[in-house]
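# Results of the structural survey
This is what each chain is made of:
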Amino acid sequence: MTWAPPSSGQVLIRVRTAGAGFPDLMMTSGQFPLLGAPPFGLGEEAAGEVVAAAPGSRFSPGDQVTGITGFLEGWGGYAEYAYIRENSAIRIPRGMTDEEAGGFPIGFRTAYAGLVERAPVHSGQTLLILGAAGSSGAAALQLGKALGATVIAVAGSQEKLEFCAGLGADHVLNHRTDDLTARIAEITGGRGVDLIYDPVGGDTAATAVKSLARNGRIAMIGLASGAPVKIDSMDMLLRNYSAVGVLAVPNDDPDAETAVWDRLADLAQKGAITTPVGQVYGFDEVPRMIGEQSAPAAGKSVVRVSS
Ligand SMILES: NC(=O)c1ccc[n+]([C@@H]2O[C@H](COP(=O)([O-])OP(=O)(O)OC[C@H]3O[C@@H](n4cnc5c(N)ncnc54)[C@H](OP(=O)(O)O)[C@@H]3O)[C@@H](O)[C@H]2O)c1
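Reading the values: rules and limits
Residues numbered from 1 in each chain as written. Predicted model: local features only at pLDDT ≥ 70, side-chain atom pairs only at ≥ 80, totals over all residues. Heavy atoms only, no water. Domains from an automatic or database assignment. Contact = heavy atoms within 4.5 Å. Buried area = accessible area lost by both parts, 1.4 Å probe. Salt bridge = Lys/Arg side-chain N within 4 Å of Asp/Glu carboxyl O. Polar contact = N/O pair within 3.5 Å; in protein donor to acceptor, adjacent residues only side chain to side chain. Nonpolar A, V, L, I, M, F, W, Y, C, P; charged D, E, K, R; others polar. Helix = DSSP H or I, 4+ residues; strand = E, 2+ residues; numbered from the N terminus. Buried < 20%, exposed > 50% of the residue type's maximum accessible area, 1.4 Å probe, protein only. Arc of directions from axis to C-beta. Pairing = 2+ DSSP bridges. Right-handed = clockwise from strand over helix to strand, strands pointing away. Near = heavy atom within 4 Å. Areas by Shrake-Rupley, 256 points an atom, 1.4 Å probe, with all protein chains shown as cover. Phe/Tyr/Trp six-rings, centres within 6.5 Å; stacked < 30°, edge-to-face > 60°. Axes fitted to C-alpha atoms, helices over the stretch in contact; angles between N-to-C directions. Parallel < 35°, antiparallel > 145°, perpendicular 65-115°, else oblique. Left-handed = near helix turned anticlockwise from the far one by under 90°.

Quick look at the domain arrangement of the protein now. Here the protein is partitioned into domain 1 (10–104 + 275–304) and domain 2 (107–245). Between the C-alpha centres of domain 1 and domain 2 the distance comes to 26 Å. Domain 1 puts 11 residues into the contact, and the matching count from domain 2 is 11 residues. The largest share of the area that domain 1 buries against domain 2 comes from Phe-104, Pro-276 and Ala-298, three residues that together contribute 46% of it. For the pair domain 1 and domain 2, the interface holds 0 salt bridges. Summed over the shared surface of domain 1 and domain 2, the number is 3 residue pairs in polar contact (both at pLDDT 80 or more). Counted by class, the side of domain 1 that touches domain 2 contains 7 nonpolar, 2 polar and 2 charged residues.

With that out of the way, let us pick up the environment of Gly-202. Within the secondary structure, Gly-202 sits in helix α7 (residues 202–209). The class of Gly-202 is buried, set by a relative accessible area of 14%. For the pair Gly-202 and Ala-227, spaced 25 residues apart in sequence, the C-alpha to C-alpha distance is 5.1 Å. Beyond its immediate sequence surroundings of up to four residues, Gly-202 is in contact with Ser-225, Ala-227, Pro-228 and Val-229.

Here the focus is α7. If you check which residues of α7 are buried, you get Gly-202, Ala-205, Ala-208 and Val-209. Take α7 and look down its axis: the buried residues cluster within an arc of 110°, on one side only. On its buried face, α7 sits against β5 (126–129), β8 (193–198), β9 (212–220) and α8 (233–239).

Turning to the pairing of strand β7 (residues 171–174), a few remarks are in order. Both strand β6 (residues 150–155) and β7 contribute to a ladder of 4 bridges, which runs parallel. In the sheet register, Ala-155 faces β7, and the bridge partner there is Asn-174. With respect to chirality, the unit in which β6 leads through helix α5 (residues 158–166) into the neighbouring parallel β7 is right-handed.

The immediate surroundings of the ligand are formed by 26 residues, with Ser-135, Gly-156, Lys-160, Thr-204 and Val-246 found nearest. In the environment of the ligand, an oxygen atom lies 3.0 Å from a nitrogen or oxygen atom belonging to the backbone of Leu-223. Within the backbone of Ala-248, an N or O atom sits 2.9 Å from an oxygen atom of the ligand. Alone, the ligand offers 920 Å² of accessible surface; in the complex the protein occludes 86% of this. Of all the elements in the fold, those that place two or more residues in the shell around the ligand are α1 (22–28), α3 (105–118) and α4 (135–146). Ranked by residues supplied to the shell around the ligand, first place goes to α1 with 3 residues. Residues that form the shell around the ligand fall into these classes: 14 nonpolar, 10 polar and 2 charged. A domain split of the shell around the ligand shows at least three residues from each of domain 1 (10–104 + 275–304) and domain 2 (107–245).

This brings us to the packing of aromatic side chains. Think of a pair of aromatic rings as described by two things: how far the centres are apart, and how the planes are tilted against each other in angle. Counted under the stated rule, the structure contains 4 aromatic pairs. Taking 6.2 Å as the distance between ring centres and 70° as the angle between the ring planes, the aromatic pair formed by Phe-32 and Phe-71 counts as edge-to-face. Pair noted here: Phe-32 is in the loop between α1 and β2 (45–53) and Phe-71 is in the loop between β3 (64–69) and β4 (81–91), with a separation of 39 residues, a long-range link. Phe-71 shares its class with Phe-32; the two are buried.

Contact geometry of α3 with α4 gives a least axis separation of 8 Å together with a crossing angle of 55°. Here α4 runs oblique to α3, going by the angle between their axes. Read as a crossing pair, α3 and α4 show a hand that is right-handed. Contact with α3, carried on its side by Gly-107, Phe-108, Ala-111, Tyr-112, Leu-115 and Val-116, involves Ser-135, Ala-139, Ala-140, Gln-142, Leu-143 and Gly-144 of α4 and no other residues of that element.

Most of α3 sits inside the fold, with 11 of its 14 residues counted as buried. Taken together, the buried positions of α3 are Pro-105, Ile-106, Gly-107, Phe-108, Arg-109, Thr-110, Ala-111, Tyr-112, Ala-113, Gly-114 and Leu-115.

Let us now look at the pairing of strand β12 (residues 300–304). For β12, the buried fraction is high: 4 of the 5 residues fall into the buried class. Across 4 bridges, the pairing between strand β11 (residues 277–282) and β12 is parallel. Its bridge partner lying in β12, Tyr-281 is registered against Val-303. Between the parallel pair β11 and β12, the chain is carried across by helix α10 (residues 286–291), and the sense of this crossover is right-handed.

Below, the structure written as structure tokens:
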């Protein structure tokens, strides 16, 4: 096997596992906003052993790492070898399985961007998480709990509500059968929630916005429902709330970015956050995995690329 040596800021790994999910469906259907025309390689995140590192890298061949791949440049993680962004990677913490490692980076870096950097949630505040059994939501649920928030998790089936409760949600609501507005009012004593973490968008998010407390915020993460949330700016003005866009991109300052990943690794090492592994697929099952993302099971999907 030959490969081009990693450029500055990259490491090359031999992939064992790669995180998978809804973005793969968006990419293959031409709806992923950050990617141009094909060809490109799928797989936003991957874990494995470093085989080559650029000069001056903080990683060396033989290190076990997980991180975000160069998928935006066409180099995804569903491959024997993948380029990883050095400033979006960590050594795999002790005790983390391959499946947990492969599915760790995107969900938790996004949750950190939402709940720490862009729309900070403080201990004692109430955090409503949409799509809470999905890979973004389940990561945010755990980080929110680790930050001391009271978490209300919203999902679409009894099995998913139990999954969220198992991850530590304080309250669980079914968006298919519960009156979200009435239930949130009941839980919060009529006050509403301080922050909505929204990877779903569409009507569900628009309904949730009605339950924002004064000075509340909605962190807009994605559009699993098919459309981003529509926000009425006059309503924002009259009810004193904010809408915050969140895209998990590295800090300009590489030391600040390394500190983010160190903090996430530390939380994982302490068991405060754990990749909520759901379905594990073989490498030859990637097409089936993509087909199943329109009605995803609970948790983070992972592809086992090699042993
Ligand atoms: N901003 C960023 O940096 C960033 C990073 C990662 C992902 N994202 C985006 O976040 C979105 C979600 O990704 P993901 O990986 O978390 O997807 P996922 O694992 O498929 O989870 C999405 C969840 O949304 C729920 N859902 C779908 N339609 C819904 C609706 N109409 N109402 C309520 N819930 C609904 C589904 O569960 P139920 O069965 O419970 O309905 C599902 O569990 C995508 O748009 C992705 O591109 C953004």
